[in-house]
Amino acid sequence: MIKLSTKTLLTPIFIQKQNESKDDYFVHYINWLDRIQLREEFAEAEMIQNEAHKYANNQEIKVKILEENFETLNYNNEWLELHSQERLTRQYTDYRVLELTAKACHQILNDEEVTEIGDFLFGIELWLEYSLGILALNAWQLPYSLVYAIISDINLHEKEYKGKLIYRRRIVQTAGRCAMTLISRGENQKASALLSMVHHYAEALDTHVQGLYRFAWAYLDYRNGKIEGQKEMLRVIALFDFLEVPISRDFAQKYYNRHVLNLEES
């Protein structure tokens, strides 16, 4: 992944390339934010948040101008006006969701922002890489009931999602991250229910997916008073190290330090 400077991000990167689909355009940022979240590179997350905020505001202003000048714009027909308004509204929503997702990588969202992300996710009819990425990145802070409902819906089409690595990864990330938040709150039964829902996606051979899944179950066992859970967390960290997956290893090690050893980094 190439690191982009603030100067690079301001104009060229946030302009969609010709013939590039919306999903490809935003998936780039989802993948970047995923690495940022694992590495805890909060300055980069804030940079993306601020730039997405600017673009969202710009689209919102365009929508308001269109609404205020409805009668004077002299469109060829009503369809064209409605089409332009809907397009601008969708663009605002996309940048606003990206803004909140970037913020969620380094800050706690307020109740209104969580509701806004939840409303966006609840409106998804077909889960693809972009929407699954938004779901996974926000899973730490989403309500259990929403995550449970979404995964239940996804499981109705299990064959379609199990066959693609990035889909499996995002689904397991979603359940694992939400589960770890629930475990930290002492809601172990809910965490167990979520992890059980995605076991068939974690069976496929993928170091990150299997490791995260094992780590979440191990943390649950540890919080349930099983010493074997702590040993399993350490084995997963060692496995990531042996297989040379430093991002996953460092993430798991930091999580273990904070939630098992109760160590805070200086």
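Because the structure is a prediction, the values reported are computed rather than measured.

> When you look at the overall build of the protein in this model, what are you seeing that I'm missing?
For the protein, the count of helices and strands is 14 helices and zero strands. For the protein, the succession of helices and strands along the chain, N to C, is α-α-α-α-α-α-α-α-α-α-α-α-α-α. Per-residue burial over the protein gives 47% buried out of 266 residues. Considering only contacts in the protein between residues 6 or more positions apart, those separated by 24 or more positions represent 66%. Of the accessible surface of the protein, which amounts to about 14200 Å², a share of 52% is contributed by carbon and sulfur atoms.

> Explain the packing of helix H13 (residues 227-242) against helix H14 (residues 246-259) here, please?
Each pair of packed helices can be described by the angle between their axes along with the distance between the axes. H14 packs onto H13 with a crossing angle of 155° between their chain directions and a minimal axis gap of 8 Å. With respect to H14, the element H13 is oriented roughly antiparallel. When the axes of H13 and H14 are compared, the crossing they make is left-handed. The segment H13 lies against H14, with Gln-230, Met-233, Leu-234, Ile-237, Phe-240 and Asp-241 engaging Ser-248, Arg-249, Ala-252, Gln-253 and Tyr-256. Split by residue class, the contact of H13 with H14 holds six nonpolar, three polar and two charged.

> Sorry if this is basic, but what is going on with the packing of aromatic side chains here?
Between two aromatic rings, the relevant description is the distance of the centres plus the angle of the planes. Following the criterion strictly, the structure yields 13 aromatic pairs and no others. Seen from their ring centres, Phe-26 and Tyr-95 are 5.4 Å apart, and the 65° between their planes marks the pair as edge-to-face. Taken together, the residues Phe-26 in helix H2 (residues 22-39) and Tyr-95 in helix H4 (residues 78-104) connect sequence positions 69 residues apart. For the residue pair Phe-26 and Tyr-95, the accessibility class agrees, reading buried in each case. Ring centres 6.1 Å apart and planes at 35° place the aromatic pair Tyr-29 and Trp-32 in the tilted group. Residue Tyr-29 and its partner Trp-32 are both found in helix H2; the two are separated by three residues, about one turn of the helix.

Thresholds applied
- Residues numbered from 1 in each chain as written.
- Predicted model: local features only at pLDDT ≥ 70, side-chain atom pairs only at ≥ 80, totals over all residues.
- Heavy atoms only, no water.
- Helix = DSSP H or I, 4+ residues; strand = E, 2+ residues; numbered from the N terminus.
- Buried < 20%, exposed > 50% of the residue type's maximum accessible area, 1.4 Å probe, protein only.
- Contact = heavy atoms within 4.5 Å.
- Areas by Shrake-Rupley, 256 points an atom, 1.4 Å probe, with all protein chains shown as cover.
- Axes fitted to C-alpha atoms, helices over the stretch in contact; angles between N-to-C directions.
- Parallel < 35°, antiparallel > 145°, perpendicular 65-115°, else oblique.
- Left-handed = near helix turned anticlockwise from the far one by under 90°.
- Nonpolar A, V, L, I, M, F, W, Y, C, P; charged D, E, K, R; others polar.
- Phe/Tyr/Trp six-rings, centres within 6.5 Å; stacked < 30°, edge-to-face > 60°.

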